[in-house]
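So you can see what is in the structure, the chains are spelled out below.
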Amino acid sequence: MIRFLRRYAKVLLAVLGSMLMVAFLAPQAIQRFGSSPTKRVIARMGDAPVTAAMFDKSQREIQILSQLHEQIMPVLGVSDDDAVGHWLMLSKLARENGFVGGQQDGQAFESTFTEDIARSSAIQFAQYYSQAGFQRSYDDVYKDIVTQTLQRFRNGRSDLLRRGFTPETIDRALATAAGVNRMLGAYLNSFQPSTPEAVAEARRFWDAVRVDYTLIPAISFSAEAPLPTDEELQAHFQQYRNLRDGEGEHRFGYMLEPAIEVEYLQINREAIKSSIEIDPVEVAAEYNRNRGRYAGEFQEMKAQVEEQLRNKATDQAMRDAERIATREFLKREDKLPSDQGFRVVPADWPINRPSFETVMNALATQLKEKYNVPTAAFVTVQHRLSTMDAIPISMQVLGDTRRDIGPNSVPFAVLAFSAKELDSESPYGLQAGIVAKPTQNPAGDLFFWRVNRVRREGPPDSVAQVRNDLITDLKRLAGYELMLEQIEELRQEATYAEDLDAFAQNYFAVAVKDVEVRRSGAMMSDGQPALEDFNDQEVRDVLLDHAQTLDPTVGAFNSLDDLNLAIPLPDSLSLAIVRINSLEPLDIESYRRVVPNVIFSAKQAFVGAEDWPFSFETLSERLGYVSIDRDDDLPASDEAAGESEEKPTQAGL
């Protein structure tokens, strides 16, 4: 034995040393690799770690509350930029300061939130209903909103329960929301507006003015503007070439949208159907085989039987046409190699790819032999480059087609613009140069089509590509400046015009009558929102600010000059000419109904958005909240994570 130990001493020392090393390192490895991922630190709040479990808990609460009602998080002022981090800080403050109650508090929050939503919305909806000619009182609308909102909560709760959330988890999330709401209210209640302040706030938000208006476009004065020089065109082009339409000043932008060049083959179902002849013998046989389907005598039912057989034959002919066309297109396409589900298209493919005319001739030949189908049943068409927005006009026939994919009916435009040359994901596996599976229109026609060329989004290469647009826009801009030089003359002309319609027609515009304008929005007489260019916050503020300087008895004590305004709209390069018909200040009965909302609004206005202590930015700075973007963070200690970590009550939570 001693001889054995001496002989293998070095080997034994190496083995024992390795065993000791494993014994020394194993606990650390077990601790490192066995540590719970939920304890990983992903943010810090001052010196305290924010673990993945804490973050996930906040994320679950947001998910629950948003499912119950989509307005809960916006009402509580939760930031869209980092909703989870913001909610984590708000809920932490609410808990630490004793604002969060138990599950019953959460259940009560549904009623409180519902009443607040109904009270803030009912008066405005009641006025819109009245304006649209519906007899709906404030109380009726209030009850409707309460019923709908409570039903929304019930539906949201049912969905959450089906997804595995427990009633306790839902009620705890609601209790947290109630606590945050209570905390915000406690801060706002530190300021109590006086009666004059409340009245002023009510008038600011609820007063309305009823107007007629017209928008004079700058193009009305463009004819007087000189043509832009080449230097002006080039400078304008360089300034806006990299912006999309609507992104630049005055909505200028010349970035070229994605576009496709398409070729298609149409197989006309009605033309095929009308060419099919039905054998009278087969009509009689069909009638005798299916007496249960045809209730009347043969002569009475003959036309119906013929139509049934013709439809059946047409269905078969359409299937044959689809099979023939598919086979003809695949003769060459199948020879191309594949790579990750797509064909590898060679450089000379535009010359060698299947010809639509060849396929059309094959269809005409084979279907004529079997069904006597005329050549006119098949049409091939080539379209130039077209954007998606232009398809309804430029490719109206093809644009009306769709293809069923699973449970979805996908429009042609969506399919065509999903080609992998435009969309790297290409969810439908389409690519330029390869014929797509056919789409179908409501009449049953089949369309085989191919995207021959694509143009990706990007800036134009030169002025020449967008020269007409540049000239038009620069002349519009010059026309707008000329129009502003005559703004007072235009206002005076509209003021003393007997008919606003006639005035508007002189400037290639139309008059819009009887529009109700509040600071929150402008509504037309049919209850629909006014046009976007007019329904702008700055326009509404100008009108309501001016209206508050007028006597409510408009016709008696205000001059015509006071009742007609001209408001420049630089975004759309137009001028709004507005005629005030009546002022509709908030009445005392409505004021009493909205007092809680008015007081809340007045408090918010007093505090001011910049001074709001519960914004994400303010809370982050005050609490020292910093997100950690590292993969090698050390796990938080059990003590740090334990109090804030909520164990799920069911799998998946």
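Asks: Could you give me a rundown of the pattern of salt bridges, with the residues and numbers involved?
Replies: Tallied over the entire structure, the rule returns 35 salt bridges. Two residues, R244 and E457, come together in a salt bridge whose shortest N-O distance is 2.7 Å. Placement of the pair is R244 in the loop between α10 (230–240) and β4 (259–267) and E457 in the loop between β12 (446–455) and α19 (467–485), with a sequence separation of 213 residues. Each member of the salt-bridge network shares a partner with another, and the members are R210, D514, E516, R518 and E584.

Asks: I'd like a rundown of the sheet that holds strand β17 (residues 625–627), residues and numbers included.
Replies: What holds strands together in a sheet is hydrogen bonding between their backbones, with the strands either parallel or antiparallel. The sheet built from three strands is open, its strands ordered β2-β1-β17 with antiparallel pairing. At either margin of the open sheet sits one strand with a lone partner, and together these are β2 (48–51) and β17. Neighbouring strand axes in the sheet, compared pairwise and without regard to direction, differ in orientation by 30 degrees on average. Sheet topology places strand β1 (residues 41–45) next to β2; four bridges connect them, and they run antiparallel. Following the sheet pairing, V41 is matched in β2 by T51. Against the sheet, helix α3 (residues 52–68) touches β1, β2 and β17, its axis set at about 60 degrees to β2.

Asks: Which residues make up the packing of aromatic side chains, and what are the values?
Replies: Under the counting rule described, the total for this entry stands at 13 aromatic pairs. Ring centres 5.9 Å apart and planes at 85 degrees place the aromatic pair F113 and F153 in the edge-to-face group. With F113 in helix α6 (residues 103–131) and F153 in helix α7 (residues 138–162), the pair connects residues that are 40 residues apart, well separated along the chain. Taken as a pair, F113 and F153 share a single burial class, namely buried.

Conventions and cut-offs
- Residues numbered from 1 in each chain as written.
- Predicted model: local features only at pLDDT ≥ 70, side-chain atom pairs only at ≥ 80, totals over all residues.
- Heavy atoms only, no water.
- Salt bridge = Lys/Arg side-chain N within 4 Å of Asp/Glu carboxyl O.
- Helix = DSSP H or I, 4+ residues; strand = E, 2+ residues; numbered from the N terminus.
- Pairing = 2+ DSSP bridges.
- Axes fitted to C-alpha atoms, helices over the stretch in contact; angles between N-to-C directions.
- Contact = heavy atoms within 4.5 Å.
- Phe/Tyr/Trp six-rings, centres within 6.5 Å; stacked < 30°, edge-to-face > 60°.
- Buried < 20%, exposed > 50% of the residue type's maximum accessible area, 1.4 Å probe, protein only.

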